[in-house]
Amino acid sequence: MTTVTKLAVTGMTCGHCVSAVTNELKGVPDVQDVSVELHAGETSLVRVISKLPLAEAPLRDAVDEAGYDVADVEVLENAVAAESAAQAPGRQATRSLPIIQS
């Protein structure tokens with residue numbers, strides 16, 4: 001099972017901000033990967049990947065240590081299955097058989 005914890009982080013404006021947040025979060029036990037969708041001057045989306053759900057406090061502390069604030073937290077348990085289910089109708093629609101004229 002894979003868990004994705006989405007953090008809405010404010011105050012990030014550049015690549016250095018992304019690096020600082022990423023490095024701090026990767027230091028949290030059980031974090032497997034971190035990706036950041038930077039929205040300079042707005043709320044950026046930080047995805048933290050782990051096998052099991054993580055405690056919110058260490059994630060908030062890591063972002064705080066990097067110098068930024070967490071505005072919101074969303075946890076998606078069994079994220080791979082949830083994303084696959086959400087994409088299934090689109091995949092089925094593209095798998096139709098071609099019409100062959102004789």
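How each quantity is defined
Residues numbered from 1 in each chain as written. Predicted model: local features only at pLDDT ≥ 70, side-chain atom pairs only at ≥ 80, totals over all residues. Heavy atoms only, no water. Axes fitted to C-alpha atoms, helices over the stretch in contact; angles between N-to-C directions. Helix = DSSP H or I, 4+ residues; strand = E, 2+ residues; numbered from the N terminus. Left-handed = near helix turned anticlockwise from the far one by under 90°. Contact = heavy atoms within 4.5 Å. Nonpolar A, V, L, I, M, F, W, Y, C, P; charged D, E, K, R; others polar. Salt bridge = Lys/Arg side-chain N within 4 Å of Asp/Glu carboxyl O. Buried < 20%, exposed > 50% of the residue type's maximum accessible area, 1.4 Å probe, protein only.

Chemist: So what exactly am I meant to see when it comes to the packing of helix H1 (residues 15-26) against helix H2 (residues 56-66) here?
Modeler: Two measures define how a pair of helices packs: the angle their axes make with one another and the distance between the axes. Relative to each other, H1 and H2 sit at 140°, their axes nearing to 8 Å. The handedness of the crossing between H1 and H2 comes out as right-handed. Contact with H1, carried on its side by Ala20, Val21, Glu24 and Leu25, involves Leu59, Ala62, Val63, Glu65 and Ala66 of H2 and no other residues of that element. Of the residues that constitute the contact of H1 with H2, the class distribution is seven nonpolar, no polar and two charged.

Chemist: Just to check I follow, could you spell out the pattern of salt bridges for this structure?
Modeler: Opposite charge on two side chains permits them to pair, given that their charged atoms come into close proximity. According to the stated counting rule, one finds two salt bridges in the structure shown. Residue Arg47 is joined to Glu37 by a salt bridge in which the shortest nitrogen-to-oxygen separation is 3.7 Å. Of this pair, Arg47 sits in strand S3 (residues 43-50) while Glu37 sits in strand S2 (residues 31-37); the two residues are 10 residues apart in sequence, bridging distant segments of the chain. Residue Arg47 is classed as partly exposed on the basis of its relative accessible area, which comes to 27%. For Glu37, a relative accessible area of 34% corresponds to the partly exposed category. Across the salt bridge formed by Arg60 and Glu56, the nearest N and O atoms sit 2.6 Å from each other. Placement of both Arg60 and Glu56 in helix H2 is noted, with a separation of four residues, approximately one turn of the helix. Note on Arg60: relative accessible area 31%, which makes it partly exposed. The exposure class assigned to Glu56 is partly exposed, which follows from its relative accessible area of 38%.

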